[in-house]
Each structure stands twice: as structure tokens, then as C-alpha cells.
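# Coordinates in review
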Amino acid sequence: MSEIVSQGSAAATIGTAARPRRDIGIKRRYAAERRFRAYGIAAISFGLLFLLLLLSSVVSKGYTAFLQTTITVPVEFSEKIIDPSNQRASNPDVLVAANYPLLVRNALAAQLKLETSNRPAMKALTEMVSDSVRVQLRNMVAGDPSLIGKTVPVSVLASATVDTAFKGQFDLTVDEKSRKISDQQLGWMKQLADSGALAKTFNTGIFLNGASSRPEAAGVGVALIGSAYMMLIVLVLSLPIGVAASIYLEEFAPKNRWTDLIEVNINNLAAVPSIVFGLLGLAVFINFAGLPRSASLVGGLVLTLMTLPTIIIATRAALKAVPPSIRAAALGLGASKMQTVFHHVLPLAMPGVLTGTIIGLAHALGETAPLLLIGMVAFVADYPGTPLDPSTALPVQIYMWANEAERAFVERTSGAIIILLLFLLIMNVGAILLRRRFERRW
């Protein structure tokens, strides 16, 4: 009896001694958990901080690109300037070769009550208007020749220097010799602004115009059409090919060395730098197949090759996520392997398939390096009619504007980045909505 009591006392002593050590261990585990949670919150906060800095930098520099300074003046379409010899009936080319900027200059001189004989003042006045006014007035007269001899209010684009100054994007207090705009031109700007002739309006040109050496007239219209053609080609080719390859590898292919080799290569292709696909497209599609450079078709084919591994990997993961009981139930009810896959497994995997496809398309939309190698960096001002016509893409247009020396292209670059980010945001939101629409919880 005494031995039992002594053993119980010893066990109690050992338990009492071990309890503090156990409590210390529990406290350490809780402390480690709190530290890990703090590290996670710090990492997320760090990433969000840099994201906010990036977005704020782009938006602060680019939001002004969606506003454009215009000058509205009554322009007299003088017959003496447009068609002094009255030859337009026999020679319509006379309307094309007319000195249309002179019409706007005279209208501004009349608005500011200046003498047209003052050549230095007229030269400075001409520099305040964009050169794109030539095309604008020429198209107006060509579309309606009855304008000749009439005075019509016309809104024309201000030059990039006036636009930048009116938006307050550079210091006007510095010495006149250190800035592109003179004190005289600033005075004219104030007069025009006070009269309401000089104002900022929404810049539709950034969405509609093509490439231009004049920043005030440059836009991403051609790049948007080119990107749309490429994304359509990528979608039409990569989705069926990627889904078909995934279904075969996951559901039908035997498990042997060949399929293992194919899977390894697909995973490796997903990590290959995009510029390698550009070299492949240059060698195969342009040099070997003879397809035209700068064409949206070639860009779409290159981006299809780059997007396929992403779609295949995402689709296989979605197929694996379908419970095996679905396959067993379908086969048990007499369905064939093909019916089981296409009638039961694939519809249930569709949320993951669509998500992977849209993410792959979004990734392709932002690529620049492969498109540069196939010549889509060309200066293209006209809209492409077909995917075989010369074109450019939105990320390439951003790259081209970023290399321009003109200060006004800085806001155009940031504005184009905002447009690209909006497209990517729309595509990712679409992926989330599609996933929620088709998703089922097991």
C-alpha cells in the first residue's frame, strides 16, 4: 500500500513538473501562430501599398489624357484661299491642296483683334493650333463643298504645347527662354479662355484616332482593333485545341513515358519567356510560311502558342477537381467513356476551363515582346480591315509612346495604360462572374 502511495506521489510530482513545460510549449506555438499571421498581414499590406502607388502614379499622370484642349472660333471658308481660280468643278484635287491652317489662323487673328500683316505674331499664332486641323477642315469641305464662302464655328485641337500649358503640366513661372510657350502666347490663351473659346473637352480621339507624330491627335483606335483581332484569333484557336488536348491527356491517354514526357514539356512551355515565342513566330509564320509582317493574324498565332500551355494546365486541373463518383455513376448507368466526359465531367469542369481561358487571354493581351519581334511595332495610322492588314496592339502602342521624346506623350502613355488595365479588369471580372455562375460545391 505504501508503495502504491509513493508511486502516485511520484507521478503527481512528475505531472506537476511537466505541466509548466507543456504550458510553455503551448504559448510558443500560439506566439508562432500570431507571428505568422502578422507576417501574412504585413506581406499583403506591402503588396497593396505598392499596387496603390503604381495605380496612383499611372492615374495621376494619365487621367488628363482623357481631356483635350480645343479652340472654338468662327472660321470663314474663304474661296480666295480654298479655290482662288474656281477650278473645283473640273479639278477636285484643288480642295485637297488648299491651305486650311491659314483659315484657322485668320479666324484666331480676328478673334484676338490682331493684324495679319504682323508675321512674327501670325507664326506664333499658327503654332498654337494642331497640324491636324488641315485634315479636319479638308474633310469638312470635301464632305460638304457648300461650306465654301460661309463662316461656321469650328472646334479645332490646340497644339500639344498649348494643351500641356492649359492643363498646368509644367511650370509657367520660369523664364520665357526655358519653356516652349511664350508670354505672348500665354496672354492669347488667357483671352481665349476668358471668352470661352479655349476649353477642355472629353477626348474621344484617344479611343478613335490612330498613330500620329502629333501627341494631341494620337489615339489607340488602331491598336484596339488590332488587339481585338488578335484576341479573337487566340480565343478561336486556343480554347478548342487546349480543351481537346486536356481531355485526351486527362481522360483517355494511357499513362506511360510518352504522356509523362508530353506533360513535362507542357509544364515547361508555360514557363518559357514570351520573347522565345516571338522568335518562333518570326521563323515559322513569317520567314517560312510567308505571312505578312505586322499582321494581326501572325500576332494571334504567336499568342495562341503562348496561351495554350496555360489553358491546358488550367483545364486539366478543372477536370481533376470533378469527383470520381460522377464518372463511376455515369459508367454504372451505361454511359460510354465519351458520353461520361462530354455530358457529365466537362460541364462540371467548365468554371475552371473558362477561368483559365480568360486568364490566359488577359495574359496574352498584355504581352509586348513577341509582338515586337514579328513587326507589330510599325507606325500604322489606318484601321485594319482584316487580320491580314498591318496593325499594332495596345501594349505595343504603349511601348512606342513611352519612347517618344515629346513631353505630351507622357500623359498619352499613362492614358493608354489605364485603358489596358480597364480591359484586363473587365476580363478578370468576367472570369469571376462565370466561375460563380457555373460553380457547384460538393
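- As annotated in an unreviewed UniProt entry, the protein carries the name Phosphate transport system permease protein PstA and comes from Allorhizobium taibaishanense.
- The annotation that UniProt attaches to the protein under Sequence similarities (unreviewed entry) is "Belongs to the binding-protein-dependent transport system permease family. CysTW subfamily."

## Remarks on the overall build of the protein
- Of the regular secondary structure elements, the protein holds 18 helices and three strands.
- For the protein, the spread of C-alpha atoms along the three principal axes comes to 130 × 60 × 35 Å.
- Taken over 442 residues, the protein has a buried fraction of 40%.
- Taking the average place of the 40 positive charges on the side chains of the protein and the average place of its 29 negative ones, the gap between the two points comes to 12 Å.

## Observations regarding the UniProt feature "transmembrane region" (unreviewed entry) in the protein
- UniProt annotation of "transmembrane region" (unreviewed entry) refers to residues 36–59, 228–249, 269–291, 297–319, 340–365 and 415–434 when read in the numbering used here.
- Secondary structure over residues 415–434 splits into 100% helix and 0% strand, and the C-alpha atoms at its two ends are 29 Å apart.

## Some points on the packing of helix α15 (residues 337–365) against helix α18 (residues 409–438)
- Two elements in contact, α15 and α18, have axes separated by 8 Å at closest approach and are oriented at 175°. By the angle class used here, α15 and α18 are roughly antiparallel. Contacts between α15 and α18 pair P351, G352, L354, T355, I358, L361, A362 and L365 from the former with L420, F423, L424, M427, N428, G430, A431, L434, R435 and F438 from the latter.
- Here the residues of the contact of α15 with α18 are counted per class, giving 13 nonpolar, four polar and one charged.

## Here's the deal with the pairing of strand β1 (residues 67–76)
- Across five bridges, β1 lies against strand β3 (residues 198–202) in antiparallel orientation. When the bridges of β3 are listed, T69 appears paired with K200.
- Bridge count between β1 and strand β2 (residues 151–157): seven bridges; the pairing is antiparallel. Residue T72 lies in a different strand from β2, and its bridge partner there is S155.

## Considerations on the nonpolar core
- If you look at the biggest cluster of nonpolar residues, it comprises 41 residues, and the most contacted ones within it are V220, M230, M231, V298, L303, L371 and I374.
- Listed by contribution, the elements that provide at least two residues to this core are α10 (221–252), α12 (274–288), α13 (296–321), α15, α17 (394–402) and α18.
- With eight residues, α18 is the largest single contributor of residues to this core.
- Setting aside residues no more than four positions away along its own chain, L371 makes contact with M230, G299, L303, M376, V377, A393 and V396.
- I82, L95, L108 and L192 belong to the second-largest nonpolar core, a separate cluster that totals 38 residues.

## Topic: the packing of aromatic side chains
- A complete count under the given rule lists four aromatic pairs for this structure.
- Consider the rings of W401 and F409, whose centres lie 6.2 Å apart with planes at 40°: the pair is tilted.
- Residue classification places W401 among the buried residues on the basis of a relative accessible area of 3%.

## Points about the side chain of E250
- With respect to the helices and strands, the residue E250 is situated in helix α10.
- By relative accessible area, which is 19% here, E250 ends up buried.
- Those residues in contact with E250, other than ones at most four positions away along the chain, are R316, L319 and K320.

## Observations regarding the UniProt feature "domain: ABC transmembrane type-1" (unreviewed entry) in the protein
- As recorded in UniProt, the sites labelled "domain: ABC transmembrane type-1" (unreviewed entry) are residues 224–430.
- The distance from the first to the last C-alpha atom of residues 224–430 is 19 Å, and the span holds 76% helix and 0% strand.

## Regarding the sheet that holds β3
- Spatially, three strands are ordered β2-β1-β3 in an open sheet, and the strand pairing comes out antiparallel. Strands at the two margins of the open sheet, each flanked by one partner only, are β2 and β3. Each strand of the sheet is rotated relative to its neighbour by a mean of 40°, with strand direction disregarded.

## Topic: α12
- Over its 15 residues, α12 extends 20 Å from the first C-alpha to the last, a length consistent with the 21 Å expected when each residue adds 1.5 Å.
- Where α12 bends most, the angle comes to about 30°, and this point is G281.
- Those residues of α12 that fall on the buried side of the exposure criterion are S274, F277, G278, G281, F285 and I286.
- The inward-facing, buried residues of α12 abut α11 (257–269), α13 and α16 (369–373).
- Downstream of α12 by a residue or two, G290 has a phi angle that is positive, lying close to 75°.

## Here's the deal with the pattern of salt bridges
- In the structure shown here, the tally under the stated rule is 11 salt bridges.
- E411 serves as the salt-bridge partner of K167, at 3.0 Å between the closest nitrogen and oxygen. Taken together, the residues K167 in the loop between α7 (160–166) and α8 (183–195) and E411 in helix α18 connect sequence positions 244 residues apart.
- Take K167: its relative accessible area is 14%, and that puts it in the buried class.
- We classify E411 as buried; its relative accessible area is 3%.
- Notably, a salt bridge pairs K337 with E251, separated by 3.7 Å at the nearest N-O pair. Here E251 lies in helix α10 and K337 lies in helix α15, a separation of 86 residues in the sequence.
- Each of D163, K167, E411 and R412 takes part in one network of salt bridges that share partners.

## Quick notes on the environment of L354
- Along the chain, L354 falls in helix α15.
- Residues contacting L354, with those up to four places away along its chain left out, are L434 and F438.

## A few points about the confidence of the model for the protein
- Of all residues in the protein, 93% have pLDDT values of 70 or greater, and the mean over the chain is 86.
- Confidence, read as mean pLDDT per element, is least for helix α3 (residues 93–96) in the protein (73) and greatest for β3 (92).

What counts and how
- Residues numbered from 1 in each chain as written.
- Predicted model: local features only at pLDDT ≥ 70, side-chain atom pairs only at ≥ 80, totals over all residues.
- Heavy atoms only, no water.
- UniProt positions renumbered as here; feature names shortened; annotations may be inferred.
- Helix = DSSP H or I, 4+ residues; strand = E, 2+ residues; numbered from the N terminus.
- Buried < 20%, exposed > 50% of the residue type's maximum accessible area, 1.4 Å probe, protein only.
- Lys, Arg positive; Asp, Glu negative; His and termini not counted.
- Charge placed at Lys NZ, Arg CZ, Asp CG, Glu CD.
- Axes fitted to C-alpha atoms, helices over the stretch in contact; angles between N-to-C directions.
- Parallel < 35°, antiparallel > 145°, perpendicular 65-115°, else oblique.
- Contact = heavy atoms within 4.5 Å.
- Nonpolar A, V, L, I, M, F, W, Y, C, P; charged D, E, K, R; others polar.
- Pairing = 2+ DSSP bridges.
- Core = buried A, V, L, I, M, F, W, Y, C linked by side-chain atoms within 4.5 Å.
- Phe/Tyr/Trp six-rings, centres within 6.5 Å; stacked < 30°, edge-to-face > 60°.
- Expected span 1.5 Å × (residues − 1).
- Bend = angle between axes of the 7 residues up to and from the residue.
- Salt bridge = Lys/Arg side-chain N within 4 Å of Asp/Glu carboxyl O.
- pLDDT = per-residue confidence, 0-100.

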